[in-house]
Amino acid sequence: MLKLESISMYFGGLCALNDVSFEVAENSIHGIIGPNGSGKTTLFNIINGIYKPTNGKVFFNKRDITGMDPNLVAKEGIARTFQLLRIFPSMSVLDNLIVAQVVIENSSVFDAIFYTPRLRKDYDELRKRAFDMLKVLGLENKAYNSADSISIGQRRMLQLGIGAIRSPKFLLLDECAAGLDPANIDKLLELLRIFRGEYGITILMIEHIMSVVMNVCERLTVLDYGVKIFEGDPYEVQNNEKVIEAYLGTNP
């Protein structure tokens, strides 16, 4: 579904990514792991159009999306969450999920000015979809709380809902387990399986918590200093000498 072909990214004289290639199968959960500074987030920024790679191509459903503007990448069906929470803190939890859907509404500025039946119908549909997502996230009792009043774990769940509510074809998750306690990690794993199984969303995730990727990913790509050093299933990855060396170093 997603194919990266010989991706390289230079910032001046700094090489952030060097000739990285891999593919993500449709309806899979694929993980990207590697030490800090290995180029993982830069790779996401290339996929969703924030950066245009110095070299290489990005293909989505066989369509070349290299360097496409982020809003157009989103229209292709690729959504993203960020390592730092991107929510509207002063808005209610429910309104965060409603606002996240505006790209799919049918009403116009005219409808908004005159509060037409089409606008009311649109809003009712967006609100229902938001409530349905709150039930999936386990946040229905927090619908009218401001987003900054709920716990960090609940905000993480809300951000996942914001990413998935438009039913994208493909979801990029950047360290979605950061700061979660064991109970919320279990809830996260459940949500990822729901998004893939019931919503049909293909997921590519960056994650440092190994228990998460080992439990939910079918395949892992490992980066170190901007280079792909290994790719395989979780068992192969955790037993690979190059991967162990990248994470743990070697004895002098």
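Definitions and cut-offs
Residues numbered from 1 in each chain as written. Predicted model: local features only at pLDDT ≥ 70, side-chain atom pairs only at ≥ 80, totals over all residues. Heavy atoms only, no water. 1 Å grid on protein atoms, 1.4 Å probe; cavity = no way out; pocket = protein on both sides within 12 Å on 5 of 7 lines; lining within 4 Å. Points joined across faces, edges and corners; volume = space filled by probe spheres on them. Helix = DSSP H or I, 4+ residues; strand = E, 2+ residues; numbered from the N terminus. Nonpolar A, V, L, I, M, F, W, Y, C, P; charged D, E, K, R; others polar. Phe/Tyr/Trp six-rings, centres within 6.5 Å; stacked < 30°, edge-to-face > 60°. Buried < 20%, exposed > 50% of the residue type's maximum accessible area, 1.4 Å probe, protein only.

(A) Geometry of the layout of surface pockets. Space inside the largest pocket adds up to approximately 550 Å³. Contributing to the lining of the largest pocket are 21 residues, with Arg80, Phe82, Ala100, Ile162 and Arg166 lying nearest its centre. Where the lining of the largest pocket is concerned, the elements lending two or more residues are α2 (70–76), β6 (78–80), α3 (93–99) and α6 (152–164). Tallied by class, the residues present in the lining of the largest pocket amount to 13 nonpolar, five polar and three charged.

(B) Fine view of the packing of aromatic side chains. Summed over all chains, the structure comprises four aromatic pairs. Note on Phe60 and Phe170: the rings are 5.8 Å apart at their centroids and 85° apart in plane angle, and the pair reads as edge-to-face. With Phe60 in strand β4 (residues 55–60) and Phe170 in strand β7 (residues 170–174), this pair connects stretches of sequence that are 110 residues apart. Phe60 sits in the buried class, given a relative accessible area of 1%. Between Phe131 and Tyr144 the ring centres are 6.3 Å apart and the planes differ by 65°, which places this aromatic pair in the edge-to-face class. Note that Phe131 is positioned in helix α5 (residues 117–137) and Tyr144 in the loop between α5 and α6, a separation of 13 residues in sequence.

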